Amino acid sequence: MSDNSYRISETDRKRILRLPPDIAALANRYPSEIVNVSDSWDNKPFPEGYVPQSIEVYTAEIENAVISIWDNVLLGYIPYQTESNPSSLTLILDADFAYIEIEGREILNHIGGAVIPEINTDISGLLQSIILGKNND
């Protein structure tokens, strides 16, 4: 998700200034991640037992979601192909930024009591949807 071409607006800069200085300082190298942190900073953690309908995981190195789950069904998975850890990791639950890690450091954690559901996948259906390029329910 990291995109050095991402341009931070003046409104975003004002929100970033409310963050702790060591986190705000990461905005030059991880602008989109830090804007997402500033947008979500005051959100409350998910309540105990919360089961999200959608789960997305992004890394700085891959533009698309590396994991995409909807109603406990794995819709997409992109294996991480390098021996090193991703420079940033973002977990989105039901369109809310739940967790952001940058360079191995936890920057935002609002997972709270959310339950990450077990993935139920029909492998043949998933393979067919990948091969044919369409979603088979």
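Everything numeric here is computed off the predicted structure, so don't read it as measured data.

Within the protein, the regular secondary structure consists of 4 helices and 6 strands. Of all 137 residues assigned to the protein, the portion counted as buried reaches 36%. Taking contacts inside the protein between residues at least 6 apart in sequence as the whole, the part at least 24 apart equals 56%.

This next bit is on the pattern of salt bridges. Pairing of side chains with opposite charge becomes possible as their charged atoms draw close. If you walk through the whole model with that rule in mind, you get 5 salt bridges. Here Arg-15 makes a salt bridge to Asp-39, at a shortest N to O gap of 2.7 Å. In this pair, Arg-15 sits in helix H1 (residues 10-16) while Asp-39 sits in helix H3 (residues 31-40), placing the two residues 24 residues apart along the sequence. Residue classification places Arg-15 among the partly exposed positions, given a relative accessible area of 26%. Among the ionic pairs, Arg-29 bridges to Glu-103, the shortest N-O distance being 2.6 Å. Remark: Glu-103 occurs in the loop between strand S5 (96-102) and strand S6 (105-109) and Arg-29 occurs in the loop between helix H2 (21-24) and H3; sequence separation between them is 74 residues. Here Arg-29 falls in the partly exposed class, since its relative accessible area comes to 45%. Bridged by salt links that share partners, the residues Asp-12, Arg-15 and Asp-39 form one connected network.

Attention now moves to the confidence of the model for the protein. Note that predicted coordinates carrying low pLDDT should not be read in detail. Averaged over all residues, the pLDDT of the protein equals 85, while 80% of them reach at least 70. Within the protein, the lowest mean pLDDT, 58, falls on helix H4 (residues 123-132), and the highest, 97, falls on H2.

A few words on a nonpolar patch on the surface. A cluster of nonpolar side chains, namely Trp-70, Val-73 and Leu-75, defines an oily patch on the protein surface of about 260 Å² accessible area. Relative to the helices and strands, Leu-75 resides in strand S3 (residues 73-77).

Its identity as a non-glycine residue notwithstanding, Asn-72 has a phi of 70 degrees, on the positive side. Considering the arrangement of structural elements, one finds Asn-72 in the loop between strand S2 (62-70) and S3. A residue is classified by how much of its surface remains accessible, and Asn-72, at 25% relative accessible area, is partly exposed. A positive phi angle, near 45 degrees, is found at Asp-94, a position not held by glycine. Checked against the element boundaries, Asp-94 lands in the loop between strand S4 (88-93) and S5.

Topologically, Asn-109 is positioned in strand S6. Put simply, Asn-109 and Tyr-99 are 10 residues apart on the chain and 4.5 Å apart in space, counted from C-alpha to C-alpha. With residues near it in sequence (within four places) discarded, Asn-109 still touches Ala-98 and Tyr-99. A polar contact of 3.4 Å, which involves the side chain of Asn-109, links it to the side chain of Glu-106. Looking at Asn-109, its side chain comes within polar contact range of the main-chain nitrogen of Ile-111, at 3.0 Å.

In this section: the side chain of Asp-12. Tracing the backbone shows Asp-12 in helix H1. Among the polar contacts made by the side chain of Asp-12, one reaches the side chain of Arg-15 at a distance of 2.6 Å. In contact with Asp-12, other than residues within four places in its own chain, are Tyr-6, Val-35 and Asp-39.

Procedures and definitions
Residues numbered from 1 in each chain as written. Predicted model: local features only at pLDDT ≥ 70, side-chain atom pairs only at ≥ 80, totals over all residues. Heavy atoms only, no water. Helix = DSSP H or I, 4+ residues; strand = E, 2+ residues; numbered from the N terminus. Buried < 20%, exposed > 50% of the residue type's maximum accessible area, 1.4 Å probe, protein only. Contact = heavy atoms within 4.5 Å. Salt bridge = Lys/Arg side-chain N within 4 Å of Asp/Glu carboxyl O. pLDDT = per-residue confidence, 0-100. Patch = residues over 30% accessible without salt bridge, like charges linked within 9 Å, V, L, I, M, F, W, Y side chains within 5 Å. Areas by Shrake-Rupley, 256 points an atom, 1.4 Å probe, with all protein chains shown as cover. Polar contact = N/O pair within 3.5 Å; in protein donor to acceptor, adjacent residues only side chain to side chain.

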